[in-house]
Amino acid sequence: SMTSIDSTPDVSSTSQALVVFSNANPYAQAFTLSVRPFVIGGRSFTLRQAWEERVDSEPEPTGMKWTGAAVWDAAVVLSAFLHDNAGLIQGKRCVEVGAGLGLVSIAAGAFGAASVL
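Anyway, here's the lowdown on the structure attached to this text. Please read these numbers as outputs of a predicted model, since none were measured by experiment. (Residues numbered from 1 in each chain as written. Predicted model: local features only at pLDDT ≥ 70, side-chain atom pairs only at ≥ 80, totals over all residues. Heavy atoms only, no water.)

**Describing the overall build of the chain**
The condition that has to hold: Strands are runs of DSSP state E lasting at least two residues, helices are runs of H or I lasting at least four, and both sets are numbered from the N terminus onward. Three labels apply to residues, based on accessible area from a 1.4 Å probe with only protein chains included: buried if under 20% of the type maximum, exposed if over 50%, partly exposed otherwise in between. Any two residues having at least one pair of non-hydrogen atoms within 4.5 Å are treated as being in contact. Surface accessibility follows the Shrake-Rupley procedure with a 1.4 Å probe radius. Residue values consider only the protein chains on display as shielding.
When you go through the chain residue by residue, the secondary structure sums to 2 helices and 5 strands. Mapped from its N terminus to its C terminus, the chain presents α and β elements in the order β-β-β-α-β-α-β. For the chain, the proportion of its 117 residues judged to be buried stands at 31%. Taking as baseline every contact in the chain between residues at least 6 positions apart, the subset at least 24 positions apart corresponds to 51%. Carbon and sulfur atoms provide 57% of the accessible area of the chain, an area that totals close to 7400 Å².

**Things to note about helix α2 (residues 103-110)**
To be explicit about the condition: The directions considered for the arc run from the helix axis to the C-beta atoms.
Of the residues making up α2, those classed as buried are Leu103, Val104, Ala107 and Ala108. What you see down the axis of α2 is that its buried residues fit within an arc of 135 degrees, all on one side. Just downstream of α2 lies Gly112, where phi reads positive at about 120 degrees.

Rendered as structure tokens:
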């Protein structure tokens with residue numbers, strides 16, 4: 001069975017889908033929350049987002065602006081995948097290469113990784 005993912009804002013739906021990012025997306029407002037709670041696999045995680053604190057002149061290593069200021073949908077989905085497939089990471093050293101604010105690293109540690117970088 002798949003892990004249910006609860007995230008703010010609460011959406012009453014029985015299915016999940018990733019959509020191309022757009023500020024017009026009704027779910028994009030979650031990016032503007034200063035504190036964003038998640039429940040993945042029955043465990044609660046709360047991350048502080050800094051979307052509003054970024055300034056246009058701050059450089060990003062990627063050349064893109066705002067990528068490290070919020071939790072991206074892919075990080076939420078990957079974190080649920082790690083819960084559902086914890087055997088892939090249990091007792092192993094893991095490296096996360098980036099999906100926002102580190103939710104995937106936090107989830108990997110919570111679901112059994114020996115260490116996470």
